[in-house]
Each structure stands twice: as structure tokens, then as C-alpha cells.
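# Structural features, examined
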Amino acid sequence: MMLSPSQPQVLATSYHSPQLDVEVKLNTNESPLAPPEGFLLDVAARIRRSSLHRYPDRQASELRQRLGEFHGVDPEAIFVGNGSNEVLQTIFLAYGGPGRTAWVAQPTYGMYAQIAGATRTELIPGQRSDSGQLTEELIASDASLVVVCDPNNPTGMVEPAELRSLPPLRPHQLFIVDRAYHDFDQRQIPEWHGENVAVVRTFSKALSLAGLRLGYVVADPTVIAALYGIVLPYHLSSLSQLVAVSALDWQRELQAMVSLVVTERDAMVSRLAAFGLAPYPSATNFVLVDMGIHDAHEIWNRLVARSILVRDASQWPGVGNALRITIGTPEENARFLSTLEEVLR
Ligand code: PMP
């Protein structure tokens, strides 16, 4: 008999969205617009100048320097990885594991539970208030890791700003704050920070580069050193590093769609409400909508049959009868809305 895997693999299959070939793809919170031509030419020129026969810079010095300048911290306060998923996993590998606990409140991004399972970190299910948010009182005081997704996926909602004062009161815990959707959050408030706070960011959303697989974390240099202590050598390719550096030069152009997405998102919330559905208020590039009297899974099927792919959230813990719609181009959103109106009848 073959050796069976020691890992709980079912989690991965329940999280992933089907990769279907459709005309309107609004399921994985990507940017609706491809990066501009000038950026691609810059990337091509950088590849020509690079030394692909050599191993990458293990320290990703230039990229970390540039990200450090952007965040006003030393490069030693930055760890870069292949997407924020890998960054999160690296944090769990370094700080989780047997004997450690991770506090995660549902509903939230499914990968936290999966990574906790894969790293043998015990998951402590957290509570939310009646309004669906976290409060200081509700956050468990004894878990090793506290994971906060702000703004939250899949609800799209921001967490109360007061929570940012919590980490100094809980020095025995590491706060992992996932800010994947930070750029779509219009509040002008200071970023989460502190010795025991790890702020995770990604190039996949507002920078329109999901295909690049680039994420990073800003944290105290002792935390960053712990991550570099366990990650595989040369984990981030030379290509990823040079594309990411170029992306920082082209940041303004790459993020040009953010204001369009925000406008379209707010319009989407109004239209969904006008259909008699219950959209959640969103500070992200997607909208979670409770389908009310309609069966979310059935509506999802009808949309797929019309070549529109959104996310069926109806089986996710703590969500209920809902769909999650990524904001697309104005044309894609209009087509989604008119098709939805038709299938709701
Ligand atoms: N965190 C959250 C909250 C996300 O929604 C996603 C992507 N769906 C990620 C992290 C992963 O992003 P990346 O592409 O950087 O791995």
C-alpha cells in the first residue's frame, strides 16, 4: 500500500475557485486592467540586463531597499515572498507550529485556516460583534498569533480603527494584519504598527500584478530575521525581484484603476441593493452580497451558464447564502448586473 500524505489536503480543495474559461471573470479579486505597455517594456529591458545564469540576490536587497523607502522603514524591516500567501505561510512556519495557537474570526480569508492546518498550529475560532466586526474585548488574549484581515475578505468591511491600539497591550502575541486590500480603503488613518505587528501586503490587487506572485511583510527586524531564518534559499527569483522593482517605478500608472474600481464598487453596491439583495458595505475591490430569497449557488450556476464567473461564497464558514463579486471594468460590471437581473427573475 502507498504511503498516505500526512497533511490535511481537503482544505486546499475547498478554498480554490474553479478556473473556468469564461467571458467575464469576477471571481478572484484581481485588477480588471492589464499593466501598461511602458511597464512591460521596462521589464523587458531589465530582463535583458539581468544575469539569469546566476542565482538571485538572496537578500533581495534592491527590492527591500525600495519597499523600505516606500514605507519609511529600514530594509531589515521587510521580508519579500512569492505572493502574500507564501509570506503568511512563512510567518506561521516561524511563529506557529505545534504548541502554538492562532486566533482567527470567521468569516475571513480561508487561507489562514489552511496554513494553520498545514503548519500544525492550533486554530482558535474567534468571535465577531453583532455588526460583524472585531472588538478589543472579543480578541482572545492568550493566542500566540492573532490574524486580522483589514479590510476583511470576504465581507469587504473594515475593522474598527480602535483595534490598532491593541498590540502594545498584548506584547506576548504577534498580530498578523493582512492588508491585501489596503489601497481600496478610503479612510485616512495611520497604518497598523508596533513591535509585535506584522503588516502583510501584496502586489496582486491594487498594483494589478496577481500573476507576478509578489507579497511582503513589514515588521520589526527581529521578526523579519526569523522569517529569513527559515525560508528556502533563493526563494524569490531574479525575475520576480526585477519586475517588482520596476512596478515600484510604475506604481502610479499601475494603480491608476483604483479610483475607477472604487467608483464602480460603490455603484455596484447601490445596484445590488436596488435588486432587493443585501450587499455588505465594501472597502475593497469586491462586494459580498447576501442573495436573500434567491439560492446563491443556483444563481452562481445560472451566471456561469451565461459565461460570467463570480465566487460562490455559500459554503464558506460564517457567510451564508452569498456571492462575492470582484469589481471588473465598467463593461463587465454592466454585463454582470444586467445578466443578474435576468437570472433573478
Ligand atoms: N490575503 C487576502 C485577504 C487575499 O484576499 C488574498 C488573495 N485572494 C491574499 C492574501 C493572497 O494574495 P497573494 O496573491 O499576494 O498571494
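Below you will find a few notes about this structure. (Residues numbered from 1 in each chain as written. Predicted model: local features only at pLDDT ≥ 70, side-chain atom pairs only at ≥ 80, totals over all residues. Heavy atoms only, no water.)

### Considering the sheet that holds strand E8 (residues 215-218)
Strand order in the open sheet formed by seven strands is E2-E8-E7-E6-E5-E3-E4, with mixed pairing between adjacent strands. Where the open sheet ends on each side, the last strands, each with one partner, are strand E2 (78-81) and strand E4 (122-126). Ignoring which end each strand starts from, the neighbouring axes of this sheet average 25° apart. When strand E7 (residues 197-202) meets E8, the two strands line up antiparallel, connected through four bridges. (Pairing = 2+ DSSP bridges. Helix = DSSP H or I, 4+ residues; strand = E, 2+ residues; numbered from the N terminus. Axes fitted to C-alpha atoms, helices over the stretch in contact; angles between N-to-C directions.)

### Structural notes on the site of the ligand
Lining the immediate surroundings of the ligand are 15 residues, of which Ser84, Asp178, Tyr181, Thr202 and Ser204 lie closest. In this structure, an oxygen atom belonging to the ligand sits 2.6 Å away from a side-chain N or O atom of tyrosine 181. Between arginine 213 and the ligand, the recorded distance is 2.6 Å, taken from a side-chain N or O atom to an oxygen atom. Across the complex, the protein chains shield 94% of the 400 Å² of accessible surface that the ligand would expose by itself. The greatest single-element share of the shell around the ligand, amounting to three residues, is contributed by helix H4 (residues 83-95). Split into classes, the residues belonging to the shell around the ligand amount to six nonpolar, six polar and three charged. (Near = heavy atom within 4 Å. Polar contact = N/O pair within 3.5 Å; in protein donor to acceptor, adjacent residues only side chain to side chain. Areas by Shrake-Rupley, 256 points an atom, 1.4 Å probe, with all protein chains shown as cover. Nonpolar A, V, L, I, M, F, W, Y, C, P; charged D, E, K, R; others polar.)

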